[in-house]
Amino acid sequence: MLRTLMATAVLAAFASAQAQDKPAPAPAQPWQQGRSAEQMESPLHPFAPNLTGRAAKDLPIDTLKVPAGFKVEVWADGVPEARSLALGDKGTVFVSNRISKNVYAVIDRGGQREVKTILKGMNAPNGIVFSKGTLYVAERNRITSYADIENHLDNPGEGKVVVDNLDPTTQPGHFWKFLAMGPDNKLYFNIGSPQNITMPTYMQASIMRVDPKTGVVENYAQGVRNSVGFDWSPKTHQLWFTVHGRDWLGDDSPADMLEVATRPGQHFGFPYCHEGDMLDPEYGKNRSCKEFTPPAAKLGAHVAPLGMRFYTGKMFPAEYQGNIFIAQHGSWNRTTKQGYNVIRVVVDGKNKVVKSEPFLTGFLTNDKGDPPMWGRPVDVLVMKDGALLVSDDYNGILYRISYKK
Amino acid sequence: MSGAKAWLVVAALALAGGAASAADLEAGKRKAALCEACHGPEGNSVIPVNPSIAGQQVQFLSNTMLFFREGNRKDAQMTPIAANLSNADMNDLAAYFSSLKIAPPKHKSSPENAAAGPGLAQKFMCTQCHGPALLGVQHIPRIAGQQFDYVKTQLLGFKAQKRSDIDGNMTSAAQALSEKDIEILADYIAGIGAP
């Protein structure tokens, strides 16, 4: 026993001396964290957008595909790093950034689109929503509001703080937020997991809501690794949201998810249980997936579902009413890439997903390529005329999908 | 205003005027004279602290110019120049310089550092993102054959958490480097010739 202890002490001293000679290797990045020993040399890596944007005329726009009867066209280019979309009462389309620092307004001038930078120098302003004349912006650390925005596109002012200190730890990963206005007139937003797989704090891996009148924040859903898209069912008024599953558990697992919250306070599994039925190799020990709310649908591994909207427009055929459109940003943590499209999900009255199929495809050109794609859908937006707008941050382009009988 | 400064402003205004709407090699070439004053003829730098930009990854070049204009990166010379560049200018210039041939490096690595470099580049995960031959990919720059002083300055900046990067990867990676590691890596990297 004593000998074992001594041996351990000697080994520890030796290890510590070694540690002093050689500095520890670089800490893993949030996206690298959670790799197995065999994955340390993996060539898989996330893709970055072309932050200056690319002109539509230089891109193979005519290779994009939509179902028969539908048409896809470029609605606006020159909207660098176009991320989340929001629609004003007067038809202004607001567009956000994640890495860059701007919020844009795109104004339709009868066939020509004017792109105006209305907010600058923001801190990862990924989340935007328009409600009752006001534009709300979620930066990584706070939410601000800009009243009567469509009459003040050239001078939106400083903005009023709704809530601050949302990122007290300056978390390294998943710090960008999606923002939406709930039927309860509260602002809903995500706080992602700070790393690929880790034990989150009470604030992290959650969907929160804040009352813009009082600034009071509540935890709405937990165990949500990172959601960058949500909307409320026009039928049940329940919150539906997309979730990115963890990385480095293989090409085909776990699936990214479409979830539905039927009440506040549900736990959706992270970091214990993925895709509703797969325990995490580390955090899932001694747990059961049965204690968590399962997903409404598995969308496929690493497809990266982002923005989603229920279709409530009048333009598309009747069978599209109440369908969900989901923008999939596409896989990087997969040897053979998939996603990079917009999918259509059909839901019945009992929250059951009855069908899921590709709707807009053609961005993915070489599933083994680096990069494998020439564009990446981020968000979808139902326009007043019923057309669907799709943002692409890789190129800074907005596409419009319309239907004609 | 000094003569040189006035010249810079005039040249920068001229750049901003010739806005092409898409990445265009010829347009990039027309706009490139000012860049070549510091980054060397055809983008191969002869000034130790300035990086070569010939043959650099196109996405890295355009993103980097944008970061200078938007204030993520700051430099006494680059900041005012980038301030006058449109996104289209950046795309044209990136396309042009990326298309140029990289001159063989003038830097000669010491034999010890040339021998130790590949191991360190692997150990500190340089090769993880910059690729096995350090040629870069997409938004990650080629560093093989880059100017010694420039590489060293950047690594010291990342280590001091004063040099911004797109996603925090470099700042994080540089924390593990000692000043001696940085010296060895810069000396090794600057001497790497064409693969």
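Residues numbered from 1 in each chain as written. Chains lettered and ligands numbered in written order. Predicted model: local features only at pLDDT ≥ 70, side-chain atom pairs only at ≥ 80, totals over all residues.

### Quick notes on the overall build of chain A
Looking only at helices and strands, chain A has one helix and 27 strands in total. Taken against the 2.2 N^0.38 rule, which gives 22 Å for 405 residues, the C-alpha radius of gyration of chain A at 22 Å falls within 12% of a compact globule. Considered along the principal axes of its C-alpha atoms, chain A spans approximately 85 × 45 × 45 Å. Looking at chain A as a whole, 49% of its 405 residues are labelled buried. Contacts in chain A between residues at least 24 apart in sequence constitute 54% of all its contacts with a sequence separation of at least 6. (Helix = DSSP H or I, 4+ residues; strand = E, 2+ residues; numbered from the N terminus. Rg over C-alpha atoms; globule rule 2.2 N^0.38 Å. Buried ≥ 20, exposed ≤ 12 C-beta atoms within 10 Å, placed from the backbone. Contact = placed C-beta atoms within 7 Å.)

### Here's the deal with the overall build of chain B
From N to C terminus, chain B includes eleven helices and zero strands. When the helices and strands of chain B are placed in sequence order, the string is α-α-α-α-α-α-α-α-α-α-α.

### Quick look at the pairing of strand 15 (residues 239–243) of chain A
Residue and element names in this part refer to chain A. Among the five residues in strand 15, five count as buried, and that is most of the element. Sheet topology note: the strand 14 (residues 230–232)/strand 15 ladder contains three bridges and is antiparallel. Across the sheet, the residue bridging to W232 is L239, located in strand 15. In this antiparallel pair of consecutive strands, strand 14 and strand 15, the connection spans six residues, and H237 shows a positive phi of 60°. Both strand 15 and strand 16 (residues 255–261) contribute to a ladder of five bridges, which runs antiparallel. Paired with V243 across the bridge in strand 16 is M257. (Pairing = 2+ DSSP bridges.)

### Focus: helix 6 (residues 87–99) of chain B
Here helix 6 of chain B is 13 residues long and its end C-alpha atoms lie 18 Å apart, about the 18 Å a rise of 1.5 Å per residue gives. Most of helix 6 of chain B sits out of view: twelve of its 13 residues are buried. (Expected span 1.5 Å × (residues − 1).)

### Structural notes on the interface of chain B and chain A
Counting residues at the interface gives 26 residues for chain B, matched by 24 residues for chain A. At the level of secondary structure, the elements contributing two or more residues to the side of chain B that touches chain A comprise helix 4 (58–70), helix 6 and helix 10 (169–174) of chain B. At five residues, the largest contribution of residues to the side of chain B that touches chain A is made by helix 4 of chain B.

### Looking at the sheet that holds strand 15 of chain A
All names here are of chain A. With antiparallel pairing, the four strands of this open sheet are ordered in space as 14-15-16-20. Each end of this open sheet is capped by a strand with a single partner; those strands are strand 14 and strand 20 (297–301). Across the sheet, the axes of successive neighbouring strands diverge by a mean angle of 20°, strand direction being ignored. Where strand 16 and strand 20 come together, four bridges link them in antiparallel fashion. Residue pairing for strand 20: D256 is matched across the bridge by G300. (Axes fitted to C-alpha atoms, helices over the stretch in contact; angles between N-to-C directions.)

### Side note on the environment of S331(A)
Residue and element names in this part refer to chain A. Checked against the element boundaries, S331 lands in the loop between strand 22 (324–328) and strand 23 (341–347). Residue classification places S331 among the buried positions, given that 25 C-beta atoms sit within 10 Å. Counting along the chain gives 15 residues from S331 to F316, while the straight-line C-alpha distance between them is 29 Å. Once residues lying within four places of it in the same chain are set aside, the contact partners of S331 are H302, V303, A304, K337, Q338 and G339.

### What to know about the confidence of the model for chain A
This prediction gives chain A a mean pLDDT of 93; 93% of its residues lie at or above 70. Taken together, the stretch residues 1–23 of chain A has pLDDT below 50 and engages in three contacts with residues farther than four places along the chain or on a different chain. (pLDDT = per-residue confidence, 0-100.)

### Comments concerning the sheet that holds strand 12 (residues 206–210) of chain A
Pairing is mixed across the open sheet formed by five strands, whose spatial order is 10-11-12-13-17 (chain A). Looking at strand neighbours, the two that pair on one side only are strand 10 (179–181) and strand 17 (266–267) of chain A, the edges of this open sheet.

### A few points about the environment of V161(A)
Residue and element names in this part refer to chain A. Along the chain, V161 turns up in strand 9 (residues 160–163). Taking the number of C-beta atoms within 10 Å as the measure of exposure, V161 has 12 and is therefore exposed. Apart from the residues lying within four places of it in its own chain, the contact partners of V161 are R142 and T144.

### What about the nonpolar core?
By size, the foremost hydrophobic cluster in this structure holds 97 residues, and its most contacted members are I143(A), L179(A), L389(A), V390(A) and L398(A). Take this core: its biggest share by element is five residues, from strand 16 of chain A. (Core = buried A, V, L, I, M, F, W, Y, C linked by C-beta atoms within 7 Å.)

### Describing the domain arrangement of chain B
Put simply, an interface is often sized by how much accessible area is lost when its parts join up. All names here are of chain B. Each assigned domain of chain B is listed here: domain 1 (3–99) and domain 2 (111–190). Taken residue by residue, the interface counts 15 residues in domain 1 and 15 residues in domain 2. The residue inventory of the side of domain 1 that touches domain 2, partitioned by class, reads five nonpolar, nine polar and one charged. (Domains from an automatic or database assignment. Nonpolar A, V, L, I, M, F, W, Y, C, P; charged D, E, K, R; others polar.)

### Examining helix 4 of chain B
Residues and elements named next belong to chain B. With 13 residues, helix 4 should reach 18 Å at 1.5 Å per residue; the first-to-last C-alpha distance of 18 Å fits that figure. When you tally the buried positions in helix 4, you get eleven out of 13 residues, the bulk of the element. Those residues of helix 4 hidden inside the fold are in contact with helix 5 (78–83) and helix 6.

### What to know about the packing of helix 9 (residues 148–159) of chain B against helix 11 (residues 179–190) of chain B
Residues and elements named next belong to chain B. Packing of helix 9 against helix 11 brings their axes to within 8 Å, and their N-to-C directions diverge by 145°. Read as a crossing pair, helix 9 and helix 11 show a hand that is right-handed. Taking contact as the criterion, the partners of F148, V151, K152, L155 and L156 in helix 9 are, on helix 11, I182, E183, L185, A186, D187, I189 and A190. Here the contact of helix 9 with helix 11 is composed, by residue class, of nine nonpolar, no polar and three charged. (Left-handed = near helix turned anticlockwise from the far one by under 90°.)

### Observations concerning the packing of helix 7 (residues 111–123) of chain B against helix 11 of chain B
How two helices pack is summed up by the angle between their axes together with the distance between the axes. Residues and elements named next belong to chain B. Between helix 7 and helix 11, the least distance of the axes is 8 Å, while the angle of their chain directions is 105°. Put simply, helix 7 runs roughly perpendicular to helix 11. Here N113, A114, A116, G117, L120 and A121 of helix 7 lie close against helix 11, whose contacting residues are D181, I184, L185, D187, Y188 and I189. Class assignment for the residues of the contact of helix 7 with helix 11 results in eight nonpolar, two polar and two charged. (Parallel < 35°, antiparallel > 145°, perpendicular 65-115°, else oblique.)

### Examining the confidence of the model for chain B
All names here are of chain B. Of all residues in chain B, 88% have pLDDT values of 70 or greater, and the mean over the chain is 88. No element of chain B has a lower mean pLDDT than helix 1 (residues 3–17), which averages 38, and none a higher one than helix 11, which averages 98. Our summary of model confidence lists the complex with pTM equal to 0.90 and ipTM equal to 0.85.

### Notes on unusual backbone geometry
Residues and elements named next belong to chain A. Of note, the bond from S253 into P254 is cis; its omega dihedral lies within 30 degrees of zero at -10°. Within the secondary structure, P254 sits in the loop between strand 15 and strand 16. Look at the link from D370 to P371: it is a cis peptide, with omega at 5°. Within the secondary structure, P371 sits in the loop between strand 24 (353–360) and strand 25 (377–382). At N165, a position not held by glycine, the phi torsion is positive, near 60°. As for its placement among the helices and strands, N165 is situated in the loop between strand 9 and strand 10.

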